[in-house]
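Notes for the structure review
If you want the building blocks of each chain, they are given just below.
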Amino acid sequence: MHEDARDDWTPEGFAERRALWFDGIAHSLEVALQHFSPPLVELIPHDLGDRTLISATVLARLAAADVACAQLSQAAMDLQRVLGPHSGTLSKRMGLVEDVWRGIRALDHAALAELHDIRFFAWELPDLSLTLLQHWASLRAAELAGRFTRRGQAVRVETGWPAVHRELRERWACDSDLLWSGGFGPGPGPFEGWRALMDFARDADDRAAALFLTDQVTNSAVRGVLENMTARPFPYGDPDHLRVLWEQYALGHAVSSLAEASLSLADADSGGSPLPGGLRAALSRGAELGRTYQAFTVETVISRLTAVERALIDRRGTPELLREDSYLEQWALTVTPGTGDPGAVPVDSEHLYALLPPAQRPEIHVPDWMEADVAGLREVYGKRGHTGVLGTQSWWLYGLDGPEEVEAALDFQSAAGAEFKVDLEDPSTFLVGPARGQRYQDVLQMGFGYDNEDADGLCRMLALARTGHARLVFLERDPATGRTRMVRTTAVEIPGPLRQAMRACAMAELDAMTEGDPGTLPTLLGSAGAAVAESEGEQHAWDLDSGLFARGDTLF
């Protein structure tokens, strides 16, 4: 085991550092929630445990709901269940959700990075939301263990997890699928796993001492591998417990890799003749020990962590995934500051209020920048599809033309998902429309795309592939009045093969532009900024013809 972990990281120390990390995240998110909506912070309930953690979890779940394109009214109803009976009217809660969503979409991520390195990146929010709920559940189960609840004349003991499951369903609107897949239940946790790992490592160190780990040359080589694999800092502050845990995982990998490399090199140099003495047996034992230690780290500790913790560990094992994270982080902190004006960010669309009398329908404001984007594409380039970002969320804007297209937009995805027409060899441009056999299939064929020769365009496509869906906004402009209305918004899921192709394309081009060094990306993004600003419409306008997509294997 790594010396720092063996000497300083008792199971109690591991648990304490992990708790401090969660406390830091919760505090930062509570501060962010106070910034977005002070009235919502005042309504955080007192009957679910630590209010700082509840505030953080509420914010993370609202942010994840926004990324998932949830309806404002549904998010407000879910919020009522958490806040309790004194949360006010539905209209009031919708206003609270609206404040949060507008604030997140207008974020300056570079400034927010100072808040314990918390990021509202669209591709991370689902895991962050689940992680905070998992952490709350484990603390709540310990808190509620042995408590009594009175229902009518009956008294029943709820021992921790049964009570938490009830609160997850009734207060957090969690269904049974999430309770099962999210690991909400009793069992050994990371604390017990770390204790078992320490016991295993103590025995492993005794065995390894007889092998080659005590050799100064080999020990130096192992340390070199560890330094390379742990050089990039973790996000979300400095999770010491994950850093040390990763070092244990990397140590097993380094030991097995060096032993196997030594065996291969010796065989090549000796022409296949046996190694002298028991060296081959020692190296073979070292390789086996490294693999076993690595597997034990995963089984006893990593598998028991929360969603964000596991993701942070998992992605460190692959250099390409680390570069992907670095590209997206550099891009998000460099060129996606949001609009800066929460009032200029749309939250709702007209179709949600179609059943209300006209006098009761709220006026949906279409911001000037959104109207200008779509109008500019049509007037200058004759196109109607625009790809953009708000914060780090992928937004597609599409200008409708005539009543039939408006009907098609309102019907879109009502009975089946969207259909994509795309050449996977160049996934940067594509057509989206109703699924084959659906109504209005021939009416609505929307062309979108990303500039695969521009660093910003490639990062946008990579962000879309990572998040897995885009928010599609249908707009219609009245030629008589010149007024643009937001007809509808909906989430469009990106098919798995297309996501993979987009990711591969974006990574290959970005690696070529940066020579594999994400640290140079801000320079590329900065130098391209002026050209992008002058030709924003041109950057996202493509001459798409359905005839280009005749191959049978490019239809999803």
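Described in the following lines is the structure provided in the data block. (Residues numbered from 1 in each chain as written. Predicted model: local features only at pLDDT ≥ 70, side-chain atom pairs only at ≥ 80, totals over all residues. Heavy atoms only, no water.)

**A closer look at the pairing of strand E8 (residues 469–477)**
Counting buried residues along E8, eight of its nine residues qualify, which places the element largely inside the surrounding structure. Sheet analysis places E8 next to strand E9 (residues 484–493), joined by nine bridges and oriented antiparallel. Considered in E9, the bridge of Arg 477 is made with Thr 484. Hairpin remark: E8 followed by E9, antiparallel, with six residues in the connecting loop; positive phi at Gly 482, about 80°. (Buried < 20%, exposed > 50% of the residue type's maximum accessible area, 1.4 Å probe, protein only. Helix = DSSP H or I, 4+ residues; strand = E, 2+ residues; numbered from the N terminus. Pairing = 2+ DSSP bridges.)

**Points about the pattern of salt bridges**
Counted by the stated rule, this structure contains 19 salt bridges. Glu 309 is the partner of Arg 18 in a salt bridge, and the nearest nitrogen-oxygen pair spans 2.9 Å. Of this pair, Arg 18 sits in helix H2 (residues 11–36) while Glu 309 is found in helix H15 (residues 307–314), placing the two residues 291 residues apart along the sequence. The partner of Arg 471 in a salt bridge is Asp 66, with the nearest N and O atoms 3.0 Å apart. Of the two residues, Arg 471 sits in strand E8 while Asp 66 sits in helix H4 (residues 51–67), which places them 405 residues apart along the sequence. Through salt bridges with shared partners, a single network forms among Glu 320, Glu 324, Asp 325, Arg 466 and Arg 503. (Salt bridge = Lys/Arg side-chain N within 4 Å of Asp/Glu carboxyl O.)

**Let's talk about the sheet that holds E8**
Within the open sheet, the four strands sit side by side as E3-E4-E8-E9. Their pairing is mixed. Looking along the sheet, the strands with just one partner apiece sit at the ends: strand E3 (385–390) and E9. Averaged over all pairs of adjacent strands, the angle between strand axes in this sheet comes to 25°, irrespective of strand direction. Here E3 runs beside strand E4 (residues 393–400); their pairing, made up of six bridges, is antiparallel. The residue bridging Gly 385 from the neighbouring strand is Tyr 398, located in E4. (Axes fitted to C-alpha atoms, helices over the stretch in contact; angles between N-to-C directions.)

Interpretation note: all reported values are geometric properties and have no functional meaning in isolation.
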